[in-house]
Amino acid sequence: MKRKAGIEEYLNQSRKMKIIPNFWLTEAYLKIQKVQTIINKKGIWIQEDEWAVFPPLPFNGNFREEDFPPLRIWSDFENYAIGEVTEFLDWEYTYDANHFFNMTGKKWAVFRKNSRKWPRDKVWEYSVKLPKSDHLEMLLLKWLEKRPEEVIHDQEAMWWFIFKSPLRCFLYEKDKLVGMNAWDCNEPFLMYRYCIADPDEPFLDEFMRLLFYQRNAAGKLVIDGGVLDRPGLERFKDKLNPIRKRKVYSRIIPENFDRLLH
């Protein structure tokens, strides 16, 4: 017998099991998605169409595949994954924000140099002061127009985090809005959702990331998503010296484990 539950129940069980969250395991993100949380006698999972978004979590702590119905699992966790691997989904990057204060040595040379270029000889302010909504919209449209070939994933989530999230900071050059950072959290991690920088401002993207790690994320571990099959983005994120770069996989619990459907 299955019943519907709330997202909070899955999150609570993940904390009990000490699951290391991935980029999508936050209350704010999941509430934007069209998902259902389902419970049976053995455990709990989150369903979206034909997918279980994450691995089902057993209530008794015994990770047995036969305790769950056949499921296609979209994304695994670093320290908990059940079922057979079906495909590589993406990379997942984790950073220690404290590393962005010193940035010493050769491995930091490129980002250290580039992140300091934009603010030279500029009058700027980085704050939670909200811009006019049309200014933020114009910045986003300008940012999107520079990416005509890029597929924008999770458009509803993008809109919410950019326009509604309580966790945002904005960069102004004098009175002009030129950038914003938006993030999310599942303790002890922050999830770096969006960095929107004026594409006509060279090296502003690097400076925005430096601001986020030094001003918003100090003392935290930060999960900064993946690369979405973009080699340039992968090279850029590699140069920020992650403490972890892991392969995220989709998986499947095979069809012969079907007894709990009844």
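The rules behind each value
Per chain, residues are indexed from 1 in the order of the written sequence. Totals for whole chains, interfaces and linings use all residues, but because this is a predicted model, local features are given only for residues with pLDDT of at least 70 and pairs of side-chain atoms are given and counted only at 80 or more. With hydrogens and water excluded, all non-hydrogen atoms of the structure serve as input to the side-chain values. The criterion for a disulfide is a pair of cysteine sulfur atoms lying within 2.5 Å. Burial classification: accessible surface area is computed with a 1.4 Å probe over protein chains only, and a residue below 20% of its type maximum counts as buried, one above 50% as exposed, and the rest as partly exposed. Helix numbers and strand numbers start at the N terminus; a helix is a DSSP run of H or I with at least 4 residues, a strand a run of E with at least 2. Within 3.5 Å is the distance limit for a polar contact, defined as a pair of N or O atoms, with the added protein rule that one can donate a hydrogen and the other accept it, and that residues adjacent in sequence qualify only through two side-chain atoms. Working definition: a ring pair exists when centres of Phe, Tyr or Trp rings (six-membered ring for Trp) sit within 6.5 Å. Plane angles under 30 degrees give stacked, over 60 give edge-to-face, the rest tilted. For a Lys NZ or an Arg CZ to count as sitting over a ring, it must be within 6 Å of the ring centre and within 35 degrees of the ring normal. Interaxial angles span 0 to 180 degrees and are taken between N-to-C directions of axes, which are lines fitted to C-alpha atoms, for helices over the stretch in contact. When describing relative orientation, an angle under 35 degrees is termed roughly parallel and one over 145 degrees roughly antiparallel, while 65 to 115 degrees is termed roughly perpendicular and anything else oblique. A crossing counts as left-handed when the near helix is turned anticlockwise from the far one by less than a right angle, and as right-handed when that turn is clockwise. The criterion used for residue contact is that any of the two residues' heavy atoms lie within 4.5 Å. Polarity classes work like this: nonpolar for Ala, Val, Leu, Ile, Met, Phe, Trp, Tyr, Cys and Pro, charged for Asp, Glu, Lys and Arg, and polar for all others, with Gly in that last group. When a carboxyl oxygen of Asp or Glu is within 4 Å of a side-chain nitrogen of Lys or Arg, the pair counts as a salt bridge. We define the nonpolar core as a collection of buried residues of types Ala, Val, Leu, Ile, Met, Phe, Trp, Tyr and Cys that are connected through side-chain atoms lying within 4.5 Å of one another.

Enquirer: Looking at this model, I keep getting lost on the state of the cysteines. Mind explaining?
Expert: Throughout the structure, instances matching the rule amount to zero disulfides. In this structure Cys169 is not part of a disulfide, and its nearest cysteine sulfur, from Cys195, lies 12 Å away. For Cys169, a relative accessible area of 6% corresponds to the buried category. Not part of a disulfide, Cys185 finds its nearest cysteine sulfur in Cys169, a span of 14 Å.

Enquirer: Can you help me understand the side chain of Asp224 in this one?
Expert: Secondary-structure assignment places Asp224 in the loop between strand S12 (221-223) and helix H7 (231-238). Only 3.0 Å separates the side chain of Asp224 from the side chain of Arg209, close enough to count as a polar contact.

Enquirer: Quick question: what am I supposed to make of the packing of aromatic side chains here?
Expert: Ring pairs (aromatic) are described by centroid distance and by the angle formed between their planes. Under the definition given, this model contains 22 aromatic pairs. Each residue in the set Tyr93, Tyr95, Phe100, Trp108, Phe111, Trp183, Tyr192, Phe212 and Tyr213 is aromatic and connected to the rest through ring pairs, giving one cluster. A cation sits over an aromatic face here: Lys122 above Trp118, 5.1 Å from the ring centre. In this structure, Arg193 is placed above the aromatic ring of Phe23, and the distance from its NZ or CZ to the ring centre is 4.4 Å.

Enquirer: How do you make sense of the packing of helix H4 (residues 133-145) against helix H5 (residues 155-163) when you look at a structure like this?
Expert: Packing of H4 against H5 leaves a shortest axis separation of 11 Å and a crossing angle of 135°. If you check the angle between H4 and H5, you find them oblique. Crossing hand, H4 versus H5: right-handed. Where H4 abuts H5, its residues Ser133, Leu136, Glu137, Leu140 and Trp143 lie against Met158, Ile162 and Phe163. Each residue belonging to the contact of H4 with H5 can be placed in one class, and the counts come to six nonpolar, one polar and one charged.

Enquirer: Help me understand the pattern of salt bridges, please; the structure alone is not making it clear to me.
Expert: When the charged atoms of two side chains lie near each other, side chains of opposite charge can form a pair. In the structure shown here, the tally under the stated rule is 20 salt bridges. The residue Asp76 makes a salt bridge to Arg246 at a minimum N-O spacing of 3.1 Å. Here the residue Asp76 occupies a position in the loop between strand S6 (71-73) and strand S7 (84-96), and Arg246 occupies one in strand S13 (residues 244-253), the gap between them amounting to 170 residues. Arg246 carries the same exposure label as Asp76, and that label is buried. Connected via shared salt-bridge partners are Lys142, Lys146, Lys176, Asp198 and Asp200.

Enquirer: Quick question: what am I supposed to make of the side chain of Asn40 here?
Expert: Take Asn40: it is sitting in the loop between strand S2 (36-39) and strand S3 (43-48). According to the relative accessible area criterion, Asn40 is buried, its value standing at 6%. At 2.9 Å, the side chain of Asn40 and the backbone nitrogen of Gly43 are in polar contact.

Enquirer: Got a minute to help me understand the nonpolar core in this structure?
Expert: Inside soluble globular proteins, nonpolar side chains tend to come together where they are buried. Counting 47 residues, the largest nonpolar core has Tyr10, Leu25, Phe54, Ile162, Tyr194 and Ile196 as the members making the most contacts within it. Excluding its chain neighbours within four sequence positions, the residues that come into contact with Tyr10 are Leu25, Thr37, Ile44, Trp45, Ile46, Phe54, Pro55, Leu57 and Phe77. Formed by 30 residues, the second largest nonpolar core is a distinct cluster that contains Tyr93, Leu171, Leu204 and Leu240.

Enquirer: Quick question: what am I supposed to make of unusual backbone geometry here?
Expert: Among all residues save glycine, negative phi is the norm, and among peptide bonds the norm is trans. A cis amide bond links Glu187 to the next residue, Pro188, at an omega of 5°. Residue placement: Pro188 occurs in the loop between strand S10 (176-186) and strand S11 (189-197). Although it is not a glycine, Leu228 sits at a positive phi angle of roughly 55°. One can find Leu228 in the loop between S12 and H7. Relative accessible area serves as the criterion here: at 42%, Leu228 is assigned to the partly exposed category. Backbone geometry at Asn241 places phi at a positive 55°, although glycine is not the residue there. Topologically, Asn241 is positioned in the loop between H7 and S13.

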